[in-house]
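Chains, contacts and geometry: an overview
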Amino acid sequence: MTPGAPPRLAGTPATLVIDGRVHAGRALLVPRGELVHGCADILAEALAALPADVDRVDLDMGDVRFMDTAGLRFLDQLGGYSHRQAVPATVTNWHGQPLRILELAGLDTTDPLQATAHRPEPEPEPEPAPESAPSTAPTGPAERLHVLQEEVDQLRQAIASRPVIDQARGVLMALHACTSEEAWHILREASQLSNTKLRTVAAAVTASAESDGPPPPAEVRTALRTALGRLGR
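Here is a short report on the structure shown in this document. What you are looking at is a predicted structure, and each value in this text was computed from that prediction instead of being measured. (Residues numbered from 1 in each chain as written. Predicted model: local features only at pLDDT ≥ 70, side-chain atom pairs only at ≥ 80, totals over all residues. Heavy atoms only, no water.)

**Side note on the overall build of the protein**
We apply this condition: The helix count covers DSSP runs of H or I at least four residues long, the strand count covers runs of E at least two residues long, and both are numbered beginning at the N terminus. Any residue under 20% of the maximum accessible area for its type is buried, any over 50% is exposed, and the rest in between are partly exposed; the area is computed with a 1.4 Å probe on protein chains only. The contact criterion used is simple: two residues touch if any of their non-hydrogen atoms lie within 4.5 Å.
The secondary structure content of the protein amounts to 8 helices and 6 strands. Classification of the 233 residues of the protein by burial places 39% in the buried group. Taking as baseline every contact in the protein between residues at least 6 positions apart, the subset at least 24 positions apart corresponds to 60%.

**As for the nonpolar core**
Counted only if it meets this: Here, nonpolar core means buried Ala, Val, Leu, Ile, Met, Phe, Trp, Tyr and Cys residues that are tied together by side-chain atoms lying within 4.5 Å of each other.
Counting residues in hydrophobic clusters, the biggest one holds 33 residues, and the most contacted among them are Leu29, Leu35, Leu50, Val57, Leu59 and Leu78. Among the elements that make up this core, the one with the highest residue count is helix H2 (residues 70-85) (6 residues). Counting residues in each nonpolar core, the second largest holds 18 residues, with Ile165, Ala190, Val201 and Ala223 among its members.

**Some thoughts on the pattern of salt bridges**
The following threshold applies: For salt bridges, the criterion is a side-chain nitrogen of Lys or Arg within 4 Å of an Asp or Glu carboxyl oxygen.
Evaluation of the coordinates by the stated rule reveals 7 salt bridges. Between Arg230 and Glu189 there is a salt bridge; the shortest N-O distance is 2.2 Å. Within this pair, whereas Arg230 is found in helix H8 (residues 218-230), its partner Glu189 is found in helix H6 (residues 180-194), the two being separated by 41 residues in sequence. With relative accessibility at 58%, the residue Arg230 sits in the exposed group. Because the salt bridges share partners, they merge into one network encompassing Asp19, Arg32 and Asp63.

**Comments concerning H2**
Quick note on the threshold: Take the residue count of a helix, subtract one, and multiply by 1.5 Å to get its expected span.
With 16 residues, H2 extends 23 Å between its outermost C-alpha atoms, agreeing within 8% with the 22 Å of an ideal straight helix rising 1.5 Å per residue. The positive-phi residue at the C-terminal boundary of H2 is Ala86, with phi of around 55°.

**Overview of the packing of helix H1 (residues 39-48) against H2**
Short version of the rule: Note on definitions: angles span 0 to 180 degrees between N-to-C directions of axes, and those axes are lines fitted to C-alpha atoms, for helices only across the stretch in contact. Working rule for angles: under 35 degrees goes down as roughly parallel, over 145 as roughly antiparallel, 65 to 115 as roughly perpendicular, anything else as oblique. Rotating anticlockwise by less than a right angle from the far helix to the near helix defines a left-handed crossing, while the corresponding clockwise rotation defines a right-handed one.
With their axes 8 Å apart at the nearest point, H1 and H2 run at an angle of 25° to one another. As judged from the angle between their axes, H1 and H2 are roughly parallel. Along this stretch, H1 crosses H2, giving a crossing that reads as right-handed. Seen from H1, the contacting residues are Cys39, Ala40, Leu43, Ala44 and Leu47; seen from H2, they are Ala70, Gly71, Arg73, Phe74, Gln77, Leu78 and Tyr81.

**Quick word on the packing of H6 against helix H7 (residues 198-208)**
Quick note on the threshold: Side-chain classes follow a simple rule in which Ala, Val, Leu, Ile, Met, Phe, Trp, Tyr, Cys and Pro form the nonpolar group, Asp, Glu, Lys and Arg form the charged group, and the remainder, Gly included, forms the polar group.
Two elements in contact, H6 and H7, have axes whose closest approach is 9 Å; the angle formed by their N-to-C orientations is 115°. The crossing of H6 and H7 is right-handed. In this structure, H6 uses Trp184, Leu187, Arg188, Ala190, Ser191 and Ser194 to contact H7, whose residues at the interface are Leu198, Val201, Ala202 and Val205. Looking at side-chain class alone, the contact of H6 with H7 contains 7 nonpolar, 2 polar and 1 charged residues.

**A closer look at unusual backbone geometry**
Unusually for a residue other than glycine, Ala24 sits at a positive phi of about 50°. According to the relative accessible area criterion, Ala24 is exposed, its value standing at 71%.

**Regarding H1**
We apply this condition: Throughout, the arc means the angular range of directions from the helix axis out to the C-beta atoms.
Every buried residue of H1 is accounted for by Cys39, Ala40, Ile42, Leu43, Ala46 and Leu47. One side of H1 holds all its buried residues, which, seen down the axis, span an arc of 160°. Within H1, the exposed residues directed more than 90 degrees away from the buried face are Asp41 and Ala48.

Geometry only, nothing functional implied.
Encoded structure:
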């Protein structure tokens, strides 16, 4: 495949870029980063930069690590382009948290464009029969949207915690000659064993590595030793 268009696009947010190549009329776009506010505008720029003779557009989403409800506008942008230009488009290779968001939104995870062009507005759900057992599953559009927003909010908090967690992983890697993945498992297990938030454990580990820094609380130290022991560190 030879370079075509667009080469590499960046903009607001800085957490998303789109690499692109065109070969034999097929455009392959590879978004990298996060589908958050502004992602639809970046996609619009990428699509506008494609040659006029493109007859197919495929997006490989394998490098998208996070998505909130703005990702649905991203899909709408691609669906609108496909409809206006009469060009087939696919959005494949979803995984991790973005895949979960598609599931909560009630979209086809193998071809979410099938459900984006004419997505209905949420409608009130009918009253259940008195003898019906209560259901905890989000069955209607309104319920799915509510669960989707709650999960996105929780994940936003996790995203905000990443810098201190990444620092703690670096500390553990330097002190115990472990891999990044092993450091992540140590932090997560220590959090679970000590019943302490992951961000708090990470902050304690990072602070203890500083000159004259305080040691982690006793329960966190014990949990860290246990987690390290299970890895043979």
